[in-house]
Amino acid sequence: QVQLVESGGGLVQAGGSLRLSCAASGRTFSSYVMGWFRQAPGKEREFVAAINRSGGRTYYADSVKGRFAISRDNAKNTVYLQMNSLKPEDTAVYYCAADMRRLVVSTAVAEYDYWGQGTQVTVSS
């Protein structure tokens, strides 16, 4: 069993920045592919970013490419999402997720095994 706990959400003005963190339990964090997803009211959960086990490869949704950066610290069992140049359309609950089964990074919600409780990000115009 893996527990994921997100933090760092909040209210920010458009153009501002936030850094989300996700702390994972367990001693095999480095064997998980990690992803960030978000869900806005009335919308389906969508892929934001993902990172492979070593942290050497990252993947982004087109909507956040160039503004967001995912990283991980395997020694601290933590994955981060640095969000810059935030827009009102980035407002959502952000979730981190762990994929324990695959070597290849997936952008699909269904491919991830464990989820955090989510952290709210609100961007005002």
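Structure first, text after, so check above.
Residues numbered from 1 in each chain as written. Predicted model: local features only at pLDDT ≥ 70, side-chain atom pairs only at ≥ 80, totals over all residues. Heavy atoms only, no water.

The next point concerns the side chain of D90. You can see D90 is positioned in the loop between β8 (78-83) and β9 (92-99). Among the residues examined, D90 registers a relative accessible area of 1% and is labelled buried. Leave out the neighbours within four places in its chain, and D90 touches R38, R67, F68, S85, V121 and V123. (Helix = DSSP H or I, 4+ residues; strand = E, 2+ residues; numbered from the N terminus. Buried < 20%, exposed > 50% of the residue type's maximum accessible area, 1.4 Å probe, protein only. Contact = heavy atoms within 4.5 Å.)

Core analysis: the biggest nonpolar cluster contains 35 residues, and M34, W36, L81, M83 and Y94 have the highest contact counts within it. Of all the elements in the fold, those that place two or more residues in this core are β3 (18-24), β4 (33-39), β5 (46-51), β7 (68-73), β8, β9 and β11 (119-124). Setting aside anything within four residues of it in sequence, one finds M34 in contact with L4, C22, F29, A49, A50, I51, I70, R72, V79, A97, A98 and Y112. (Core = buried A, V, L, I, M, F, W, Y, C linked by side-chain atoms within 4.5 Å.)

Once that is clear, we can look at the sheet that holds strand β1 (residues 4-7). In space, the four strands of this open sheet follow the order β1-β3-β8-β7, with antiparallel pairing throughout. At either margin of the open sheet sits one strand with a lone partner, and together these are β1 and β7. On average, adjacent strands in this sheet sit at an angle of 15° to one another, irrespective of strand direction. (Pairing = 2+ DSSP bridges. Axes fitted to C-alpha atoms, helices over the stretch in contact; angles between N-to-C directions.)

Mapped onto the secondary structure, V121 falls in strand β11. Other than its neighbours up to four places away in sequence, V121 contacts G9, G10, L18, L20, M83, D90, T91, A92 and Y94.

Next up on the list: the pattern of salt bridges. By the definition in use, this model includes seven salt bridges. Salt-bridge contacts for D62 lead to K65; the nearest nitrogen and oxygen are separated by 3.1 Å. Using a relative accessible area of 67% as the deciding quantity, one classes D62 as exposed. Among the salt bridges present, the one from D90 reaches R67, with a minimum N-O distance of 2.7 Å. In this pair, D90 is assigned in the loop between β8 and β9 and R67 in the loop between β6 (58-60) and β7, connecting sequence segments 23 residues apart. (Salt bridge = Lys/Arg side-chain N within 4 Å of Asp/Glu carboxyl O.)

Tallying each qualifying case throughout the model produces six aromatic pairs. With 5.1 Å between their ring centres and 75° between their planes, F37 and Y112 make a pair best called edge-to-face. Remark: Y112 occurs in the loop between β9 and β10 (114-115) and F37 occurs in strand β4; sequence separation between them is 75 residues. Judged by relative accessible area, which is 0%, F37 ranks as buried. We classify Y112 as buried; its relative accessible area is 4%. Ring pairs connect the aromatic residues F37, F47, Y95, Y112 and W115, which therefore count as one cluster. (Phe/Tyr/Trp six-rings, centres within 6.5 Å; stacked < 30°, edge-to-face > 60°.)

This paragraph deals with unusual backbone geometry. Positive phi values are uncommon outside glycine, yet N77 reaches one of about 55°. Residue placement: N77 occurs in the loop between β7 and β8. Here the phi dihedral of S85 falls at roughly 50°; this positive angle occurs in a residue that is not glycine. Secondary-structure assignment places S85 in the loop between β8 and β9. Assessed through its relative accessible area of 41%, S85 is described here as partly exposed.

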